[in-house]
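Next come the chains, spelled out residue by residue.
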Amino acid sequence: MNKFSFITVITTISLFFFASCDSTKGSTDGDNQADVTGNVSIEDAHSFSNTNQIRTTHIDLELDVNFDNKTIYGVARHTMEHLKDTDTAIFDINGPEIQKVTLGKKGHEKETDFIIGTKKEFIGQPLSIKIDKNTQYINIYYKTTEDAGALDWLDPSLTAGKKHPYLYTQGQAILTRTWIPVQGTPANRITYSADVTVPKDLMALMSASNPKKRSEDGKYHFEMRQPIPVYLIALAVGNLEYRSLGKNCGVYSEPEMVGKAAWEFVDLNKMITAAESLYGPYKWDQYDVIVLPYSFPFGGMENPRLTFASPTLLAGDRSAVSVIAHELAHSWSGNLVTNATWDDFWLNEGFTVYFENRIMEELYGKETADMLALIEFQELEVELDEFMKNGQEEDTHLKLSLNGRNPDDGMTDIAYVKGAFFLKTLERDFGRRRFDKFLKGYFEDHQFQTLTTEQFKKYLIEKLIKPNNIKFNVDAWLYEPGLPKNCISITSPRFEKIQDLADQFAAGKDIFKQPKKKKGKKREPALARDQYTPQEWQVFIRQLPKKMDPARLALIDEKLDFKNWGNAEVATEWFCLSIRSGYKDPRPQIKKMLMKTGRRKFIWPIYEEFYAAKGEDLQWALAVYKEARKNYHPVAVGSMDETLHYKP
Ligand SMILES: [Zn+2]
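Residues numbered from 1 in each chain as written. Predicted model: local features only at pLDDT ≥ 70, side-chain atom pairs only at ≥ 80, totals over all residues.

Asker: Looking at this structure, I do not really get the packing of helix α11 (residues 493–506) against helix α12 (residues 534–543). What am I missing?
Answerer: For any two helices packed against each other, one specifies the inter-axial angle together with the distance between the axes. At a closest axis distance of 8 Å, the pairing of α11 and α12 adopts a crossing angle of 45°. Taken together, the axes of α11 and α12 lie oblique to each other. The interaxial crossing formed by α11 with α12 has right-handed handedness. Of the residues in α12, those in contact with Arg 494, Phe 495, Ile 498, Gln 499, Leu 501, Ala 502 and Asp 503 of α11 are Glu 536, Val 539, Phe 540 and Gln 543. In terms of residue class, the contact of α11 with α12 is built from 6 nonpolar, 2 polar and 3 charged. (Axes fitted to C-alpha atoms, helices over the stretch in contact; angles between N-to-C directions. Helix = DSSP H or I, 4+ residues; strand = E, 2+ residues; numbered from the N terminus. Parallel < 35°, antiparallel > 145°, perpendicular 65-115°, else oblique. Left-handed = near helix turned anticlockwise from the far one by under 90°. Contact = placed C-beta atoms within 7 Å. Nonpolar A, V, L, I, M, F, W, Y, C, P; charged D, E, K, R; others polar.)

Asker: Hey, could you run me through the nonpolar core in this one?
Answerer: For soluble globular proteins, nonpolar side chains are generally found buried alongside one another. Among the nonpolar cores identified, the biggest contains 175 residues, and Ile 290 and Ile 324 are the most heavily contacted of them. Per-element tally for this core: the top contributor is helix α7 (residues 413–430), with 9 residues. Discounting residues that sit within four places of it in the chain, Ile 290 has contacts with Leu 205, Ala 236, Tyr 252, Ser 253, Leu 306, Phe 308 and Ala 309. (Core = buried A, V, L, I, M, F, W, Y, C linked by C-beta atoms within 7 Å. Buried ≥ 20, exposed ≤ 12 C-beta atoms within 10 Å, placed from the backbone.)

Asker: Honestly, the sheet that holds strand β7 (residues 125–130) in this entry has me stumped. Any pointers?
Answerer: In any sheet, the strands associate via hydrogen bonds between backbone groups, in a parallel or an antiparallel arrangement. Here we have 3 strands laid out as an open sheet, ordered β3-β7-β6, and antiparallel in their pairing. Across the chains shown, the open sheet's two edge strands, defined by having one partner strand only, are β3 (88–93) and β6 (114–116). When strand polarity is set aside, the average angle formed by the axes of neighbouring strands in this sheet is 20°. Pairing of β6 with β7 involves 3 bridges; the strand directions are antiparallel. Among the inter-strand pairings, Ile 115 is bridged to a residue of β7, identified as Ser 128. (Pairing = 2+ DSSP bridges.)

Asker: Looking at this model, I keep getting lost on the environment of Ile 606. Mind explaining?
Answerer: Along the chain, Ile 606 falls in helix α16 (residues 600–613). Remark: the alpha-carbon pair of Ile 606 and Met 206, spanning 400 residues in sequence, is separated by 33 Å. Discounting chain neighbours no more than four positions away, the residues touching Ile 606 are Thr 572, Phe 575, Cys 576, Ile 590 and Leu 594.

Asker: Help me understand the environment of Leu 314 in this model?
Answerer: Inspection of the secondary structure puts Leu 314 in the loop between β19 (306–309) and α4 (322–329). Owing to 20 C-beta atoms within 10 Å, Leu 314 belongs among the buried residues under this scheme. When the C-alpha positions of Leu 314 and Ala 262 are compared, they lie 9.6 Å apart, and in sequence the two are 52 residues distant. Leaving out residues up to four positions away in the same chain, Leu 314 has contacts with Met 257, Lys 260, Ala 261, Glu 264 and Val 291.

Asker: Hey, could you run me through the domain arrangement of the protein chain in this one?
Answerer: The parts lose accessible area when they come together, and the size of an interface is often stated as this lost area. Domain annotation for the protein chain reports domain 1 (48–336), domain 2 (338–479) and domain 3 (493–644). Taken over C-alpha atoms, the centre of domain 1 sits 26 Å from the centre of domain 2. With 29 residues of domain 1 at the contact, the number on the domain 2 side is 27 residues. Among the secondary structure elements, those contributing two or more residues to the side of domain 1 that touches domain 2 are β13 (219–228), α3 (268–279) and α4. If you tally residues by element for the side of domain 1 that touches domain 2, the top one is α3, at 6 residues. (Domains from an automatic or database assignment.)

Asker: When you look at the pairing of strand β4 (residues 97–103) in this model, what are you seeing that I'm missing?
Answerer: The side chains of a regular strand alternate, residue by residue, between the two faces of the sheet. Note: β4 against strand β8 (residues 137–143), 6 bridges, orientation antiparallel. Bridge pairing links Lys 100 to Tyr 141 in β8. Note that β4 and strand β5 (residues 110–111) share 2 bridges and pair antiparallel. By the bridge assignment for β5, Leu 103 is matched with Lys 110. Turn length for the β4-β5 hairpin, with the two strands adjacent in sequence and antiparallel, is 6 residues, and the turn residue Gly 104 shows positive phi of about 110°.

Below is the structure:
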């Protein structure tokens, strides 16, 4: 998943915390050896499953997607592997209604007993199924309910075409169990196949082999032959069209958006080539992107073979493509080598942010890559401050301890940016050539496996630190709060130039006046928006005082028109500053954004600002939220309800 939060995540953490949840499962100990099947004997505080005794190796899904009652009728046929003697196979569910469970091959099935255990917050319920030592196939018949937090059912009004309904799933971190009964730990890898029936006028796609055209009868067959953790099982159903962008890549979207998407992601093929030249061959055959409707709560989700992306990436100027570089990078870090538990989440995201930045450097040069890294570093510093202020030092460790909490609490800038800066610092000390060789080997040696932080540490010491005989404070980075002193510092002249411009404006200088003509030189033009990139303008806004005179902000809108800019990153920063400053001109644009997009990265900080502003501002925002709430994915609704203290 792409990085989605600013400071906002932290304020909700204490609310998510569930003190009475005393899981008997401890955290990981890291002594277990990884093998091709994954770290199945690792204890995972976020799964009831007994994968150390019996584990799923393959799931064959039969799914009937019914838009009339917003229900999926499913059969999940699990192929099992016995690792130890047991008479019970335990699965995770959180929402699905179990109708019956059978054992045996399809057509030769016998019903068996099952028990559904007590519900635990965030995690759901254990589904315990009676088996014997010969049980090879377990078939779970079920239907989804309103509690399926992974499913976003959209009425036609929320799509680009406005004619057809739409459905998409979001499995990470532990939501797959809300629509499919699974052994929900990322430590176990499975292959899957699926037969999916949808209304005839719609196309279905999965994180698997995909059709390029709509079928006549609404029936689709999918295969995912590479083993994946279950959070990567994904489904999208809608009125969809495909555009190829190269020999093994392309883009899906509604017909109304597909042309725009193909234009925006024209560099996709180049990105794949750049990524492969860095860290070895792409192992998933095909790489496509689907641009979803606006309610999708994230910038992107790295579902294998088919990245799910927000239409907010279609900025019209290719300025938001780094999210695609990020999701593509996950084809190595995360999808190929996966965190064994959610406490090791930084192994997915820290590597991916590092890798994303390297792809951006290959494609657009070091200056651009450094700017992007610095923007993220600023966000990390703000977040670290907040954590420290709130006494949440432990949440700034790379290795987390999320036992009893929602694993989404770990999706902060610590995993993403502190993780990436750890790797950048290693790169600085060991040199790029040696570090790249190490990383390439790391991906190759652990492909289709899962890893704990401890296993990574051991590998790092053995393969990089010891052979080169260089001292490095690995434990401080992994297990201590804040940022170690040796953290790499990045400088960017362009970054400094735009910060200087912001300082001049804040000091009252007229930055829009055309510079005087210098003797013998052409007259320089007056300041205009296209002289700087959206990232630079983002830095400009951040550098301004937290609150400003509304008249000064109005002047910027008059000259640079930030409030109407299609780039949502800039718009969000601008709207937040406007709200804090009591500058009300952009209200119609803010309302438009909140009504249209459900991407949490953008709407969350805006609602936070309104909540902090209180009074009339908050009342206005609450009225908008009341109207917009139905347009958001359940994941976003949960966060906004908390932030606004909203009770439906
Ligand atoms: Zn990610």
